[in-house]
Amino acid sequence: MTDELTPETPDEDEQPIKQRKNGLYPGVSDELAENMKSGWADTELRDLQPIEQAPNAARRRAALSARFPGERLVIPAGNLKTRSNDTEYSFRASTEYVYLTGDQTDDSVLVLEPTKDGHEATLYRLPRSDRENGEFWLNGMGELWVGRRHSLTESEALLGVPCKDVRELAEALKEATGPVRVVRGHDAGIEAALTDKVTAERDEELRVYLSEARVIKDEFEIGQLQKAVDSTVRGFEDVVKVLDKAEATSERYIEGTFFLRARVEGNDVGYGSICAAGPHATTLHWVRNDGPVRSGDLLLLDAGVETDTLYTADVTRTLPINGRFSDLQRKIYDAVFEAQEAGIAAVKPGAAYRDFHDAAQRVLAEKLVEWGLVEGPVERVLELGLQRRWTLHGTGHMLGLDVHDCAAARTETYVNGTLEPGMVLTVEPGLYFQADDLTVPEEYRGIGVRIEDDILVTEDGNRNLSAALPRRSDEVEAWMAGLKK
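Residues numbered from 1 in each chain as written. Predicted model: local features only at pLDDT ≥ 70, side-chain atom pairs only at ≥ 80, totals over all residues. Heavy atoms only, no water.

- The protein chain carries the name Xaa-Pro aminopeptidase in an unreviewed UniProt entry, which gives Streptomyces siderophoricus as its organism.
- UniProt's Catalytic activity (unreviewed entry) comment on the protein chain is quoted here verbatim: "Release of any N-terminal amino acid, including proline, that is linked to proline, even from a dipeptide or tripeptide."
- According to the UniProt record, the Cofactor (unreviewed entry) comment for the protein chain reads "Mn(2+)". (UniProt positions renumbered as here; feature names shortened; annotations may be inferred.)

This is the structure we're talking about:
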């Protein structure tokens, strides 16, 4: 990375320019400063069309307005977070902000001002960097350093919402009167400006509402989730094709291979990829991905592409690294597959949310009793939760803009609720025999299997969005063999 220039002290009415302590230039001459102000072409973008999700975002804002009449609502996108010294993590806008705007710009804030007829929405954003005070080339966040950002006029055309300079917002909020709610945890400056105007309880109600609003996906969202899944399927194919290279290196090769697909076809991975080979497959969230990849072991790959609109897939396959399951691996895998089949069959409108979990857990409990790993009867095992030593986690979760979407929803709406068309959830049973588990035969130890698919609840049942990836053990082997030719 290059060093920023170091400017002279700006005039009092100008925004101060961020300086680096050990920059190589001690200042900017008047002649250079004047030279940099002129000679630039007009690059304003005109005749822009609204982004695809703009109408959906408008409907969501209208629903939010109806839920909280007469109250000012503040939804920040969030700020850059420092990774180390003066470098930042890649920015990912808050889910609530993206859901209501379709925008992903850091430092931006959506404000819904109450009116007698509802609310007036305004997006507060940074305008293009200033050419008069030198910000565009002297500031580390200026246009010549990090790239052009949209003007406020361009943003209005793209997003369908009036836009103002976000640098004016904090002071305006300090002077605001009347009830206010803010989505917390994303912008400390905005929260500080509202510190004497909000309460934790009222803000939590806003967060819960926005989480529950996402339970039912619209057609745009379903299309984006399918797009994310389709790219994820291709990412899994990429991995199978390079398993020999992973054997020569480590799990990192698998992680990097999948990440390439995610960056080429989407924004990023939706969560840290779990590339767990051998006994690492028994660690539920193994994201270190620094272990060996050995022929004869299983690879548990849990990964999802995040689209450019930030919807993510979440898919898991457990694959024999050499292309063939051993007899014991197949027995365990087929048990998990049978459990998943039972879980998917339970996903339908009108069913209790918990039904798919209960159906899958029953199958796994039956297998554990059948194998002599836990004492029956099955009803006793389920009542006491004894199967959880080896099943560990719930069988699924909502999916959307977040990999664990709608997480702030009320329990009665989520896990104690009822499935409805438009919901998208994962079904992902697993069996995990830890390497140090002395209660199971030695040959079981270090084997972990999970199979996960993304399921849309439809009017008459469900649709497996990730059905393009084989699941049955014999189909997995044939699929792998075909990819390695």
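On we go from here.
Quick notes on the sheet that holds strand S10 (residues 298-303)
Hydrogen bonds between backbone atoms are what pair the strands of a sheet, whose relative direction is either parallel or antiparallel.
Argument step 1. Reading across the sheet, the three strands line up as S9-S10-S12 and stay open at both edges, with antiparallel pairing between neighbours. The sheet is open, and its two borders are formed by strand S9 (274-277) and strand S12 (315-320), each paired with just one other strand. Taking each pair of neighbouring strands and ignoring which way they run, the sheet shows an average axis angle of 10°.
Argument step 2. The pairing of S10 with S12 spans six bridges and is antiparallel. (Pairing = 2+ DSSP bridges. Helix = DSSP H or I, 4+ residues; strand = E, 2+ residues; numbered from the N terminus. Axes fitted to C-alpha atoms, helices over the stretch in contact; angles between N-to-C directions.)

What to know about the UniProt feature "domain: Aminopeptidase P N-terminal" (unreviewed entry) in the protein chain
Argument step 1. Within this numbering scheme, the UniProt entry marks residues 51-191 as carrying the feature "domain: Aminopeptidase P N-terminal" (unreviewed entry).
Argument step 2. In this annotation, residues 51-191 is assigned 33% helix and 22% strand; the end-to-end C-alpha distance for the span is 29 Å.

A word on the pattern of salt bridges
Close approach of charged atoms allows side chains with opposite charge to pair.
Argument step 1. The full count for this structure, using the stated rule, is 38 salt bridges.
Argument step 2. Notably, a salt bridge pairs Arg-202 with Glu-71, separated by 2.8 Å at the nearest N-O pair. One end of the pair, Arg-202, is in helix H9 (residues 200-212); the other, Glu-71, is in the loop between helix H2 (54-67) and strand S1 (72-76), and 131 residues separate them in sequence.
Argument step 3. Arg-202 gets classed as partly exposed once you look at its relative accessible area, which sits at 25%.
Argument step 4. With relative accessibility at 11%, the residue Glu-71 sits in the buried group.
Argument step 5. The partner of Arg-184 in a salt bridge is Asp-203, and the shortest N-O contact between them spans 2.6 Å. Placement of Arg-184 in the loop between strand S7 (180-182) and helix H8 (188-193) and of Asp-203 in helix H9 is noted, with a sequence separation of 19 residues between them. (Salt bridge = Lys/Arg side-chain N within 4 Å of Asp/Glu carboxyl O. Buried < 20%, exposed > 50% of the residue type's maximum accessible area, 1.4 Å probe, protein only.)

Description of helix H13 (residues 327-345)
Argument step 1. When the terminal C-alpha atoms of H13 are compared, their 27 Å separation across 19 residues agrees well with the 27 Å that a helix rising 1.5 Å per residue should span.
Argument step 2. Looking at H13, one finds that the buried residues are Leu-328, Gln-329, Ile-332, Tyr-333, Ala-335, Val-336, Phe-337, Ala-339, Gln-340, Gly-343 and Ile-344. (Expected span 1.5 Å × (residues − 1).)

Observations regarding the packing of aromatic side chains
Argument step 1. All chains considered together, the criterion is met by nine aromatic pairs.
Argument step 2. Arranged with centres 5.5 Å apart and planes meeting at 85°, the rings of Trp-40 and Phe-136 form a pair that is edge-to-face. Of this pair, Trp-40 sits in the loop between helix H1 (30-36) and H2 while Phe-136 sits in helix H4 (residues 135-138); the two residues are 96 residues apart in sequence, bridging distant segments of the chain.
Argument step 3. Judged by relative accessible area, which is 39%, Trp-40 ranks as partly exposed.
Argument step 4. A relative accessible area of 0% means that Phe-136 is categorised as buried.
Argument step 5. Aromatic pair Phe-220 and Tyr-311: ring centres 6.4 Å apart, planes at 80°, arrangement edge-to-face. With Phe-220 in helix H10 (residues 219-241) and Tyr-311 in the loop between strand S11 (305-306) and S12, this residue pair connects regions lying 91 residues apart in the sequence. The residues Phe-220 and Tyr-311 share a single accessibility class, namely buried.
Argument step 6. Taken together, the ring pairs in this structure connect Tyr-353, Phe-356 and Tyr-414 into an aromatic cluster.
Argument step 7. If you follow Arg-131 out to its NZ or CZ, it ends over the ring of Trp-40, 4.9 Å from the centre. (Phe/Tyr/Trp six-rings, centres within 6.5 Å; stacked < 30°, edge-to-face > 60°. Lys NZ or Arg CZ within 6 Å of the ring centre and 35° of its normal.)

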